[in-house]
Amino acid sequence: MPIAAALEIHPNLQKFLSKKSHPLLIGGRWAESASGKVFKTHNPATGEVLASVSEADSKDVDAAVSAARKALEGPWSKMSPAERERVLNKIADLVEAHSEELAQLETLNNGKTIREAKNGDLPLTIGLWRYFAGWPTKIHGETIPVSVPYYPGAKFLHYTVREPVGVIGAIIPWNFPLLMAVERLAPALACGNAVVLKPAEQTPLSALRLGELLLEAGLPEGVVNIIPGFGPTAGAALAAHSGVDKITFTGSTEVGREILKASAGNLKRVTLELGGKSPNIVFADADLEAAAKGMFMGVFYNQGQCCSAGSRIFVEKSKYEEMVQILAERAKTVRQGPGLDPKTQMGPLVSEEQRNRVLSYIESGKKEGAKLLAGGEAASGPGYFVKPTVFSDVGDSMKIAREEIFGPVASVMPFDSVDEVVSRANASPYGLVAAVWTKDVKKAHQMAQKIQAGTVWINCYHFVDAAAPWGGFKQSGYGREKSQYAIESYTQLKSVWVDLN
Ligand code: ADP
């Protein structure tokens, strides 16, 4: 097997990867796509082909949506909430039992380091299943004391019921393939929906392996259908499908707009988690050692391929030079290599296309006059590596300070005052996350109020949990994933009136 790595591949994973091609999961059965077409998926650390995957298009989307509808009308809707909890817990147990091989698969297909896959992606994925496994027995309506002015003295019983939305179309990106899938699947299933999941074309494998585990856990057929394919074909067909009741999407703002347009036909509910250009703000009174780690991890975690990357780093002027140097020195010492090597600190970008895109942003930074302090080029050898890159003297209007790069590129800028940094931080069409580093409690909370973002981290970065809502302000999207608010968005409210007169 053409896998350059120091780590021994788990036997289950070897078996999974030895399949000639990976079929789609529709209606509880594994089948080739209607067209018979397959596409290749790669190991970004070497550029070599990892597997062939059936390529879904609109016919497969039709079949998957019908299977999901049938599941909704079948045994799935008849399962009690307690039974749904048991299935979800079983899934959590299975994912946990298989976490080593799933982490390796994530690393092989996405490029991320095995350390991040094991300590981040997998525990968070299991946490999502466990958190949402607790919900089915707690989803309930309310009784509301109603009055009817044109019927004085009349008595009514009024209550609300939370029902599943129906068929959910989930279109997800490649940066956290398993985590993004489960962020949708766990709440959707907790609420009794059925799902058609389209993984990103770059990273379809962990979702397919998860599909095997879902069937093993006893999830009824058709409740989850998994159809890898490309955005303009499979993705667009799913977004436009009249049999889909809700679309949940994470990806670029540009594609989010397309999804919204496509969903207008049958007025689907839509949740969008889109891009970001997040400010990471370091005040001079911060714990500078912690802030330095936070700057580094905030921008370089997952090779910078995070919608929440802290890619605009603002440092208060008196500490600016010092912090810029610390960041640049650390960037220069990062060990890059295949993610499966336990010594690797930063893996490759997900694809050649992504590497070229990131390199073109680096070129634009150089051209626009930013000062390059570290990195600034692709690493030599095979694979899609870009060296962790630090620019200082970045102007707010430069492309690298305005646009989402989705790669390991930090733009560091000085600031003088609270008001100035707030207005510069907020001068972006995005508003996904922000972080503030200071020991001054009052200032920290004032900043939390003033910053326009769906999540504000104080003296920390990249903390997420299944219980905490996640989503954006402004063009970073709308709706919230995770938490009780996901339960709201994967259910619809019914109002019931009973005449007691
Ligand atoms: P990225 O820039 O991170 O690759 P994209 O927004 O292009 O993100 O892709 C995220 C997901 O959206 C992927 O699953 C991709 O296949 C899908 N996608 C891309 N274009 C479309 C489209 N026009 N309609 C529906 N889905 C799409």
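Residues numbered from 1 in each chain as written. Predicted model: local features only at pLDDT ≥ 70, side-chain atom pairs only at ≥ 80, totals over all residues. Heavy atoms only, no water.

Undergrad: Quick question: what am I supposed to make of the sheet that holds strand β18 (residues 455-458) here?
TA: In sheet architecture, strand pairing relies on hydrogen bonds along the backbone and comes in two forms, parallel and antiparallel. With mixed pairing, the seven strands of this open sheet are ordered in space as β13-β14-β15-β12-β11-β17-β18. Only two strands of the sheet have a single neighbouring strand rather than two, namely β13 (371-374) and β18. In this sheet, neighbouring strand axes are inclined to one another by 20 degrees on average, regardless of whether the strands run parallel or antiparallel. Sheet strands touched by helix α15 (residues 418-426): β11 (279-282), β12 (312-316) and β15 (409-415). Its angle to β15, the strand with the most contacts, is close to 150 degrees. (Pairing = 2+ DSSP bridges. Helix = DSSP H or I, 4+ residues; strand = E, 2+ residues; numbered from the N terminus. Axes fitted to C-alpha atoms, helices over the stretch in contact; angles between N-to-C directions. Contact = heavy atoms within 4.5 Å.)

Undergrad: Where do I start with the pattern of salt bridges in this structure?
TA: Pairing between side chains of opposite charge can happen when their charged atoms approach one another. Inspection of the entire model under this criterion finds 26 salt bridges. Put simply, glutamate 96 and arginine 130 hold a salt bridge, and the shortest N to O gap is 2.7 Å. With a gap of 34 residues between them, glutamate 96 in helix α4 (residues 81-97) and arginine 130 in helix α6 (residues 114-133) connect regions that are remote in the sequence. On the basis of relative accessibility, which here comes to 33%, the residue arginine 130 falls in the partly exposed class. Measuring nitrogen to oxygen at the nearest pair gives 3.1 Å for the salt bridge that ties arginine 184 to glutamate 183. (Salt bridge = Lys/Arg side-chain N within 4 Å of Asp/Glu carboxyl O. Buried < 20%, exposed > 50% of the residue type's maximum accessible area, 1.4 Å probe, protein only.)

Undergrad: I'm lost on the packing of helix α5 (residues 99-110) against α6 in this one. Help?
TA: Between two packed helices, what matters for the description is the angle formed by their axes and the separation of those axes. The contact between α5 and α6 brings their axes to 9 Å, and the two run at 120 degrees. One way to sum up the angle between α5 and α6 is to call them oblique. For the element pair α5 and α6, the recorded crossing hand is right-handed. Touching Ser99, Glu100, Leu102, Ala103, Gln104, Glu106 and Thr107 of α5 are Ile114, Ala117, Lys118, Asp121, Leu122 and Ile126, all from α6. Here the contact of α5 with α6 is composed, by residue class, of six nonpolar, three polar and four charged. (Parallel < 35°, antiparallel > 145°, perpendicular 65-115°, else oblique. Left-handed = near helix turned anticlockwise from the far one by under 90°. Nonpolar A, V, L, I, M, F, W, Y, C, P; charged D, E, K, R; others polar.)

Undergrad: Got a minute to help me understand the packing of helix α2 (residues 58-73) against helix α9 (residues 231-240) in this structure?
TA: It is the contact of α2 with α9, at a shortest axis distance of 8 Å, that shows an interaxial angle of 40 degrees. Of the possible angle classes, the one that applies to α2 and α9 is oblique. The handedness of the crossing between α2 and α9 is right-handed. When α2 is examined against α9, the residues Ser58, Val61 and Val65 are found in contact with a partner set consisting of Ala234, Ala237 and Leu238. Its residues placed into classes, the contact of α2 with α9 shows five nonpolar, one polar and no charged.

Undergrad: Is there a simple way to explain the domain arrangement of the chain in this structure?
TA: Partitioning the chain into structural domains gives domain 1 (11-274 + 477-495) and domain 2 (279-466). Summarising the inter-unit geometry, the C-alpha centres of domain 1 and domain 2 are found 31 Å apart. In this assembly, 32 residues from domain 1 lie in contact with 29 residues from domain 2. Buried surface at the junction of domain 1 and domain 2, both sides included, amounts to about 2,400 Å², of which 61% is carbon and sulfur. For the interface between domain 1 and domain 2, the tally reads zero salt bridges. Summed over the shared surface of domain 1 and domain 2, the number is seven residue pairs in polar contact (both at pLDDT 80 or more). Elements supplying a minimum of two residues to the side of domain 1 that touches domain 2: α5 and α6. With nine residues, the top contributor of residues to the side of domain 1 that touches domain 2 is α6. (Domains from an automatic or database assignment. Buried area = accessible area lost by both parts, 1.4 Å probe. Polar contact = N/O pair within 3.5 Å; in protein donor to acceptor, adjacent residues only side chain to side chain.)

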